[in-house]
Amino acid sequence: MNVDVDNTRGIVVKRFSSQKRARDAERSHFTPAKKRPSAVEHSTVAQIRTEGSTATEQCCSDHEDFFDGYDSIMGDSSFLAKLDDVELKAEHENVCFDPPAAKSVIKHSCDDDLTDSIFTEDFPDTSLRDLPSSQLAFHQDVANPKRQPGVGMENTSTPDIKHSKQPPVPALHHKKTASKARRSMTDQLKKAMLENAGTSSKVSKTAQHKEAVMSEEISVAMQAFESVSMEGDLGPFFGLPSKVKDLIMRLKGIQDLYDWQKACLDLDSVKQRKNLIYSLPTSGGKTLVAEILIFKELLCRKKDALLILPYVALVQEKVRGLASFGIELDFMVEEYAGSKGKFPPVKRRTKKSLYITTIEKGHSLVNSLIETNRLDSIGLVVVDELHMLGDGSRGAILEMTLAKVLYINKNTQIIGMSATLGNIRDLQRFLKAENYTNDFRPVELKEYVKLRDSIYEVDPKEEQCFKFSRLLDFKYSSGMQKMDPDHIIALVTEVIPQQSCLIFCATKKNCENVAAMICRYLEKNFLMHKQKEKATLLAELKNSGNGSLCPVLQKTVRYGLAYHHSGLTSDERKLVEEAYSSGVLCLLACTSTLAAGVNLPARRVILRSPYVGVDFLKRSQYKQMVGRAGRAGIDSVGESILILQEKDKEMVKNLVSAPMEKCYSNLLHDGSKGLLSLILSLIGLNITRTVEQVTDFMSGTLLSVQETQACQQKSLKELTVDSIEVLKQKGLIEALSTITDEPSLQVTRLGKATYKGSVDLSYCDILYRDLSKGLEGLLLNSFLHLVYLVTPYDMVSQSKPDWMLYFTQFTKLSTAEQKMATTIGVPESFVARKAAGQSVRKSMDALVVNRLYLALVLYSLLRETSLWSISDRFQLTRGFVQTLLSSASAFCSCVLHFTEELEEFWAYKALLTELTRRLTYCVQAELIPLMEVAGVMEFRAKQLYNAGYKTLAHLANADPNVLVKKVENLFKRQASQIVASAKMLLQEKAEALQEEVDDLLMLPVDLPSVRRQFQLWLKMLNR
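Residues numbered from 1 in each chain as written. Predicted model: local features only at pLDDT ≥ 70, side-chain atom pairs only at ≥ 80, totals over all residues. Heavy atoms only, no water.

Let us look at a nonpolar patch on the surface. Taken together, Val997, Leu1000 and Leu1001 make up a surface patch of nonpolar side chains, about 340 Å² in accessible area. Looking at where Val997 falls in the secondary structure, it is placed in helix α43 (residues 972–1001). Overall, the relative accessible area of 38% leaves Val997 in the partly exposed class. (Patch = residues over 30% accessible without salt bridge, like charges linked within 9 Å, V, L, I, M, F, W, Y side chains within 5 Å. Areas by Shrake-Rupley, 256 points an atom, 1.4 Å probe, with all protein chains shown as cover. Salt bridge = Lys/Arg side-chain N within 4 Å of Asp/Glu carboxyl O. Helix = DSSP H or I, 4+ residues; strand = E, 2+ residues; numbered from the N terminus. Buried < 20%, exposed > 50% of the residue type's maximum accessible area, 1.4 Å probe, protein only.)

Dropping the structure here:
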């Protein structure tokens, strides 16, 4: 398409087609006279031109020169005559045209000291895009201050404006005093066009020019990157671009780093990428340092990073929080928790990934990377709560993960965040790490204890550890004294409702009782504080329960109080946490798990007693709870008050003054399960093949560092040899004879399935037996049989059947389902006798019986999806039912990987894939795409769906400001995190598909012709 405008005041010539004009196409004034259309045709074309003269300005194609493909204009006398007319008229009138009047009109200087062409003033820099590519290239050369006048002038049609001598322009209408002879515009234009046509093209076309410039920029950038990559420096913010600092300010609200954070990031060990353990009190800001180091690894070193967190809730919270950074800084954030996560992860060619995992999923991820020889793609491993190494079986899994990384990839940096430990040197030796310790807290913490009606300040320097502070000033009636002998009401009313308070209780039931008791004696003005917001919260809690609402919460929320423990559903906990963070709730009565989970600080923290359940508090637990006191940026001081009885006084003295507990290896925990699992995976992953190699690996574990304390009866080498024998007896490994004296160790099929499925060694043989027996008569017209096979073995001991409920639900099963129950070992007659209270002569396997009971709970939940109705029917807490569901989902994923390694279980693969998806979400099918987004629970998914956000694409393209308006009780920050998480997930899915396409289309490297070319290329390089 061409647009030509011709009048007495200016000429505009545009073209944006990338094709050459056809000979029979519309003719313009550039067309020679003999090729012009007839008069009739000309009038039609003129009409079209007139209508199109106001069209939006179009640009020339970058792929050809302005005059490339046009007919010659040299014979077009009318066009050249018009140029002369314009020139003569301008000289005659001796006036300047008004530039704003028409940008494209030819301007004439009032001064006659003109350059060779009047076009020099008609194309300012803003219109250079309309010039031919050769002119554009020339103007770019002109702009170069190093350009010498006259150089290369013979190859262009436009004079050197920059170096032309132009005297000052006289005032408007001033008479000419001198005139320099100059060439006619017609002659000049002819000359310029002939020069352009006749000269060799030393100036590249625009596309070639852009390509050359881009190549040069890439070359410079690569050289710059290579020069700084050794130092890992891309900018002024600890080696990161300033954009990272701006994002931290905008997304986290952090204006500046604390002094200790700056000192830690400037450590030589950090700059030299040595392993590091840094220890600070709770709420000291440890996480931000780790995130900056992660950004540096992703952006500067172009390596993937692994962040290991202790709980699923923390993983989801961190995925939501860092998704926005991933979108802005162009890296992927991938969630590995519960049943989420792909093994091995998608291999990305362009973007780098941050894997955020639980302890268990982190171990599986590392195993999958080792198996595919990709562990070197992980440049940094960050472990939050490193002291979890001493936490039973989970600590053993964490130790296995870190030991493998240390053994296989020496270049991977390990950063550990930890509470202050008594034996931090053991961890340093294990990780070959340096240590940074600081006692910084952003808010001063004052610790107190309450004994009877007196408050004492904790001071370990005092002989008695406690220094009297004050008496409680609160009038109690005799009724209140009986109900609240520990004066909790007096302690909380000193701070609420204007400030916040946390009360840690020993049991879940105690949390509910304390919250209800406080409400009974609060004044009525508490009801008026944020009344509207509390009403909204109650409505959302009711909606999350499909119309059901906990009677305790219904009463306490109106006063701004709530309880928080594992008995609540995920939706309820999320709503309560958000309401507390926003100030709608001012007090939470909670269990100790909140201290280890999400960060919910308070002005005052009260410990209801020095017990967790029936166990006395550990020093680390105490410090974690009191560490929640003091809100950075809000409070100047935080207070903790531990309520104690006279009988516990001496134990509490030891608690508050004792050194921190020590962290010990747990590979020998629970009958050396950790050690057995580690050795099995080492052999299965081909990390070690002989007893000697296994022993060598074990020398790099924390257990080896602590061998003196942990291995008192046998040496570590003897324990290792014994464990190998146990694995042989279980049929998980076998020894193969070799030419050398030492036999080679190899996993069996069952052993490979066990470690790849992350199945507990205690249950691997039982699982194999159950799956094999299931194939004999697998029930396919119901999910019950499959649900039974994936009901977690370790959940069975946590619930005892109500036999009457058991019998009622059993009788509601179909005939086929009852037959299946009989087949696995639970006949109806047995359940009927137990429900009637009669004795049963024939003994039954308690594991099978109790497991089927939990399977009935899950089966009912899959059919109805109402967690409230199922918990009421089976008389179980909502939280337990949800925990059972999430555990079954995770175990189903493990069983799926287990069956994938055993050919005889091929039938389970497709069945368990679908069941895993159903157990993961357990909601209506249309809500599943929304619940895939990190942190979006069922209730929030329903809100989003009803607001019109029905797919992942809808959510990823949503405007957070609009989202806040359409969804009740959704705050701007939460909306932004949800949208960012949705964008990240959508991007992750799209890139995974693209990677798959690329792999399919990639030319095989082992193709004979390709291999030959590759070999020749290698030979040329070696010469």
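The structure having been displayed, the exposition proceeds.
Within strand β8 (residues 413–418), six of the six residues are buried, leaving the element largely enclosed by the surrounding structure. Both faces of β8 are covered, namely the face carrying Gln413, Ile415 and Met417 and the face carrying Ile414, Gly416 and Ser418. Here four bridges tie strand β3 (residues 275–279) to β8, and the two strands are oriented parallel to one another. Residue pairing for β8: Tyr278 is matched across the bridge by Met417. Taken together, strand β7 (residues 378–383), helix α12 (residues 392–408) and β8 form a β-α-β motif whose crossover is right-handed. (Pairing = 2+ DSSP bridges. Right-handed = clockwise from strand over helix to strand, strands pointing away.)

Moving on, we come to a positive patch on the surface. On the surface, Arg520, Lys524, Lys555 and Arg558 cluster together into a positively charged patch. Tracing the backbone through its elements, the reader meets Arg520 in helix α16 (residues 508–520). (Lys, Arg positive; Asp, Glu negative; His and termini not counted. Charge placed at Lys NZ, Arg CZ, Asp CG, Glu CD.)

Two numbers describe a pair of aromatic rings. These are the distance of the centres and the angle of the planes. Summed over the entire model, instances satisfying the criterion amount to 20 aromatic pairs. When the ring of Tyr611 is compared with that of Phe616, the centres are 5.3 Å apart and the planes differ by 90°; the resulting orientation is edge-to-face. Using a relative accessible area of 22% as the deciding quantity, one classes Tyr611 as partly exposed. Grouped by ring-pair contacts, the aromatic residues Trp803, Tyr806, Phe830, Tyr853 and Phe874 constitute a single cluster. The side chain of Arg851 reaches across the aromatic face of Tyr788, ending 4.7 Å from its centre. (Phe/Tyr/Trp six-rings, centres within 6.5 Å; stacked < 30°, edge-to-face > 60°. Lys NZ or Arg CZ within 6 Å of the ring centre and 35° of its normal.)

Hydrogen bonds along the backbone pair up the strands of a sheet, which may run parallel or antiparallel. Spatial strand order, β12-β11-β10-β19-β16-β13-β15-β14: eight strands in an open sheet with mixed pairing. Because the sheet does not close on itself, it has two edges, and the strands there are β12 (466–471) and β14 (561–564). Mean inter-strand twist for the sheet, computed between neighbouring axes without regard to direction, equals 25°. Lying over the sheet, α16 contacts β13 (501–504), β14 and β15 (587–590), oriented at roughly 175° with respect to β14. (Axes fitted to C-alpha atoms, helices over the stretch in contact; angles between N-to-C directions. Contact = heavy atoms within 4.5 Å.)

Our next topic: the sheet that holds β8. Taken together, the seven strands give an open sheet; going across it, the order is β5-β6-β4-β7-β8-β3-β9, and neighbouring strands pair in parallel fashion. In this open sheet, the two edge strands, each paired with only one partner strand, are β5 (332–336) and β9 (433–437). Direction aside, neighbouring strands of the sheet carry axes that sit 15° apart on average. Examined bridge by bridge, β7 and β8 share four bridges and lie parallel to one another. Each residue of the ladder has a partner; that of Val381, found in β8, is Ile414. Against the sheet, α12 contacts β3, β4 (304–308), β7 and β8, and its axis sits at roughly 150° relative to β7.

Glancing now at the packing of helix α24 (residues 669–684) against helix α28 (residues 716–729). Geometry of a packed helix pair, given as the angle between the helix axes and the separation of the axes. Between α24 and α28, whose axes approach to 10 Å, the crossing angle comes to 75°. Taken together, the axes of α24 and α28 lie roughly perpendicular to each other. Taken together, the residues of α28 that come into contact with α24 (itself represented by Leu675, Leu676, Ile679 and Leu680) are Leu719, Thr720, Ser723, Ile724, Val726 and Leu727. Tallied by class, the residues present in the contact of α24 with α28 amount to eight nonpolar, two polar and no charged. (Parallel < 35°, antiparallel > 145°, perpendicular 65-115°, else oblique. Nonpolar A, V, L, I, M, F, W, Y, C, P; charged D, E, K, R; others polar.)

The subject of this paragraph is unusual backbone geometry. With an omega dihedral of -10°, the bond running from Phe343 to Pro344 counts as a cis peptide bond. In this structure, Pro344 sits in the loop between β5 and β6 (353–357). Here Ile496 and Pro497 are connected by a cis peptide whose omega angle stands at 5°. Relative to the elements of secondary structure, Pro497 occurs in the loop between α15 (488–492) and β13. Phi is positive for Asn373, close to 55°, though the residue is something other than glycine. Secondary-structure assignment places Asn373 in the loop between α11 (359–371) and β7. Residue classification places Asn373 among the exposed residues on the basis of a relative accessible area of 68%. The phi angle at His487 is positive, at roughly 60°, despite the residue not being glycine.

This model, assessed by the stated rule, comprises 41 salt bridges. The shortest N-O distance in the salt bridge between Lys318 and Glu291 comes to 2.8 Å. With Lys318 in helix α10 (residues 312–329) and Glu291 in helix α9 (residues 286–299), this pair connects stretches of sequence that are 27 residues apart. Two residues, Glu914 and Arg918, come together in a salt bridge whose shortest N-O distance is 3.0 Å.

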